[in-house]
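Each chain, written out:
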Amino acid sequence: MLATLNATLRASGGALVTLGRDTATRLAAQAAPVGAALVFSWAAFYGSVVACSEIVMTAPWLVIPCLALGAVIGLACVVYALRCLLARDLDDAPADSNGGAAAGPQGFVAVLGATLLPFMGLYAFFGTVSQYARMTALAAEARYGLGASATMFEAFNPVHSVTVALLAAGLVAVLYCLSDLLDWLGDRVQRPWPGLVGAFVSALYALIVLLAGSRLLGEKAKLFFAGRHMADWWYGARDFVRGLWPFHLPGWLAGAWDYLSGAVWPVFWDLLMQPLMWLALAALVTGRKFGKVEDLLERRLHPPGDAVAKAAKKVRGEITGRFTGTLNSKVLPMWHSFKALRRVGWPLVGAYVIGFNALGWAGDGLWWVAFRLGSGRAGDFWYGVVPFLDLVPQVLVRACQLALAVTALVLAHRVSGFVPWSEPEAAAADSEPAAEAEPGSEAEAAPRRRGQALVVGALVVAFSLARLAWPLSSEVVHRGAPGEPVTLGDAQVAVTDVRLGSALLNEAGESVTTDRRFLVVHVAVTSFAGGFYLEPALVWGDRTYTPIDGLQTVAATAGFRVSRDVVFEVAPDDPGEPVLRLAQKGQVIGVVQDVVAVPLAVPAATAVVGWQEKALEEVP
Amino acid sequence: MTPLWLIRVRTLGFALAALLAVAGVGWLWTARSHARYIEVTAAPGAAAEAAGTTFRLEGLRLADAIAPVYEWDDPLTPVAGAVFVVARVAYSGPATLGYCDFYLAGDGREWAEFAYYRGSAEAGAVQSCLEGPAGTLETVFEVPRAVVGEIAGVRVTTMPSTLDGGSDYAPEWDVHLAGTVG
């Protein structure tokens, strides 16, 4: 086992070096067109966002086609970038049995027409389309002021309006059928336009589902269900089944399960699926067709030549085709691409997955550095620089990731004979067990492959845990200590005088009591330029407390120092050390958040503690 | 084999096109994000029109105390080291505005209105520009005494009244009225 571990680690390292070297060479050769294409993709993204932020208040429903157009143009640019990265390999593509060009090397428009629809499906599947909606909301806030994004989302809210609900449901149904029709038409007419229009329709569909459909199902359907007798039956049955369970899981086991399922699994899934998605997209750009699930099933169930099966095939194909659309357009390309890599060996799978994610992590790292360099800045500053910072992940990192995916695909082609540019028949042949490109007999190779798979799986899990441990989040935490001022941009924050008691006594001699505990802490904020606002919260164990008096902010205007007591009502049994978190308000939501975090040493509780209820303003 | 000069020209073309795309979208992004307000500026003593209303800064003066909210209270005084700056703004227009907020402009920073000011009845001034389509308004800012020299005027943000503020969008205005204390 140790030998397998050692060999797999060395092989993965070797594969990573090979991939890295080949990726760098490939990217260097095509840096200009790939860079330009990705810059245009970036421009399409932000261009459509700016255009949508202009019309969002007057014609909110026009936002959907506007964003969809941006997404399609952006994707077309990515397809072009992939095409450039594959250019030399496509020139070397094998000729088919008739002596003509194989399916792969087609014209760009033809490839675009054939790939954009599944491309958009995969793109939407991984939530990329939602970035358009999120950034439009942000742009609307900057353009029209706070609350503008709420107006935008309210326009698509089917819960509050029957008209919107009916419109959203109708559009989802129509666009779904239209997308299906265009898919069918694309197969029949062999022209690029059904694919191009289909991608646009697919983007419309994804955006409507995202903005209105998800709420229709997530909220309206739930509310409808909750109001029916059927809900009682369901909850009753669920409680009955739970009652049959003879014991409760120990707390640590339940906690571990929650952590694994709630934190580790999503990261692991994302780490594994994102590289496979891009690999599948690269394979699609070669012109490769992956066949259909129903064809594969048909081949398994009924061998060729069965006359009765042929007659029934068409009918079954139509029926199963209704349910396998997602599998055909999203899962099958990823599965085949994954299999192509696996044929070369698990070390290449591991090297590719980890290399791809390491690049993404490096991109996040650049954001992380930028957040720290611009720490303490207000929302206007961050809003202004967001698109330019986004050039790093959308152009630099994306270019490296695309080149890596193409390199891995070509490597799979060279080593294992995987043919990216092939017809469905060849794709069907791919689904058959393939001979591994490994030395030794099958009996020796099988356990080795299992061992390698385990080691590579463990490597990806370790990488997931590392990402969880260093999340490189947009939150910039400034650690402080009681009595030590923390500088945040053009302001200074000081936390002093921590008290714990069962009753509060304010300046007017009025008292408030509790059967829990009051934790009182004195916060002083000095602003040297502009208004500065902090939102206090107390994190103690698993609980997060907000101030008892509904105090939303501790704020100071330019040239003033404002101080006051912030009071939290806390449970007496919270474990460990509480941390006072003071979050800077007015920054760009979801982009950057500066937080002053001060661990508080809690003194012994007294019966009554003083409470400076009114804020004290002074000139420092 | 592609000639080297063609590769260079093509590379340069791609680089230029990418640069233009970044500059174009970047400019669009920056310009539109600043388009939340329609900006107008008035020189000291001059008037500026916004949302169908004319604004003019009549003057800025210092005050060590201002009238209280209730007559029976003591006059309001600034905190130690600070001073009140009273701005007197005349406005007139055909219709009442949707809102108007005032800020005292300094050197790269500004101060919002003092929260507890009632308005000076003696001066015949109104409390808010929402009280009618025309009038003279006095508003008060509390600033550190050390920054009085940097005060450069008043900024008014306003918009015309709309029947339904939720869906009937009207552009906001940003009126810069220049002036110094004295």
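Since this is a predicted model, take the numbers as computed values, not measurements.

**Q** How would you sum up the overall build of chain B? Please name residues and give values.
**A** A count of helices and strands for chain B gives one helix and nine strands. Counting from the amino terminus, chain B carries its helices and strands in the arrangement α-β-β-β-β-β-β-β-β-β. Per-residue burial over chain B gives 39% buried out of 182 residues. Long-range pairs, those at least 24 residues apart, make up 71% of the contacts in chain B between residues at least 6 apart in sequence.

**Q** Would you mind going over the packing of aromatic side chains in detail, with residue names and values included?
**A** Residue and element names in this part refer to chain A. Per the stated rule, a full pass over the model turns up 13 aromatic pairs over all chains. Taking 5.6 Å as the distance between ring centres and 50° as the angle between the ring planes, the aromatic pair formed by Trp42 and Tyr46 counts as tilted. Here Trp42 pairs with Tyr46, and both are found in helix α2 (residues 31-55), just four residues apart, close to one helical turn. Grouping residues by exposure puts Trp42 and Tyr46 together as buried.

**Q** Please give an account of the pattern of salt bridges that cites residues and values.
**A** Counted by the stated rule, this structure contains 15 salt bridges over all chains. Linking Asp22(A) and Arg21(A) is a salt bridge whose minimum nitrogen-to-oxygen distance equals 3.7 Å. The exposure class of Asp22(A) is partly exposed, given its relative accessible area of 23%. For Glu475(A), the salt bridge goes to Arg581(A), with nearest N and O atoms at 2.9 Å. Pair noted here: Glu475(A) is in strand β1 (residues 475-479) and Arg581(A) is in strand β9 (residues 579-584), with a separation of 106 residues, a long-range link. A network of salt bridges, in which partner residues are shared, links Arg56(B), Glu58(B), Arg61(B), Arg88(B) and Glu138(B).

**Q** Can you tell me about the interface of chain A and chain B, naming the residues and giving the values?
**A** Contacts between the two partners involve 36 residues from chain A and, on the opposite side, 27 residues from chain B. Taken together, both faces of the contact between chain A and chain B bury some 2600 Å²; the carbon and sulfur share is 72%. Applying the counting rule to chain A against chain B returns zero salt bridges. On the surface where chain A and chain B come into contact, there are three residue pairs in polar contact (both at pLDDT 80 or more).

**Q** Mind laying out the pairing of strand β3 (residues 491-506) of chain A, listing which residues take part and the relevant values?
**A** Residues and elements named next belong to chain A. One ladder, built from three bridges, connects strand β2 (residues 486-488) with β3; its direction is antiparallel. Residue Thr487 lies in a different strand from β3, and its bridge partner there is Gln492. Between β2 and β3, which follow one another and run antiparallel, lie two residues, and Gly489 among them has a positive phi close to 60°. In terms of strand pairing, β3 meets strand β4 (residues 511-527) through 12 bridges, oriented antiparallel. Looking at β4, one finds that Leu500 is bridged to Leu519. Between β3 and β4, which follow one another and run antiparallel, lie four residues, and Gly509 among them has a positive phi close to 85°.

Parameters at a glance
- Residues numbered from 1 in each chain as written.
- Chains lettered and ligands numbered in written order.
- Predicted model: local features only at pLDDT ≥ 70, side-chain atom pairs only at ≥ 80, totals over all residues.
- Heavy atoms only, no water.
- Helix = DSSP H or I, 4+ residues; strand = E, 2+ residues; numbered from the N terminus.
- Buried < 20%, exposed > 50% of the residue type's maximum accessible area, 1.4 Å probe, protein only.
- Contact = heavy atoms within 4.5 Å.
- Phe/Tyr/Trp six-rings, centres within 6.5 Å; stacked < 30°, edge-to-face > 60°.
- Salt bridge = Lys/Arg side-chain N within 4 Å of Asp/Glu carboxyl O.
- Buried area = accessible area lost by both parts, 1.4 Å probe.
- Polar contact = N/O pair within 3.5 Å; in protein donor to acceptor, adjacent residues only side chain to side chain.
- Pairing = 2+ DSSP bridges.

The quantities given are spatial measurements derived from coordinates; they are silent on function.
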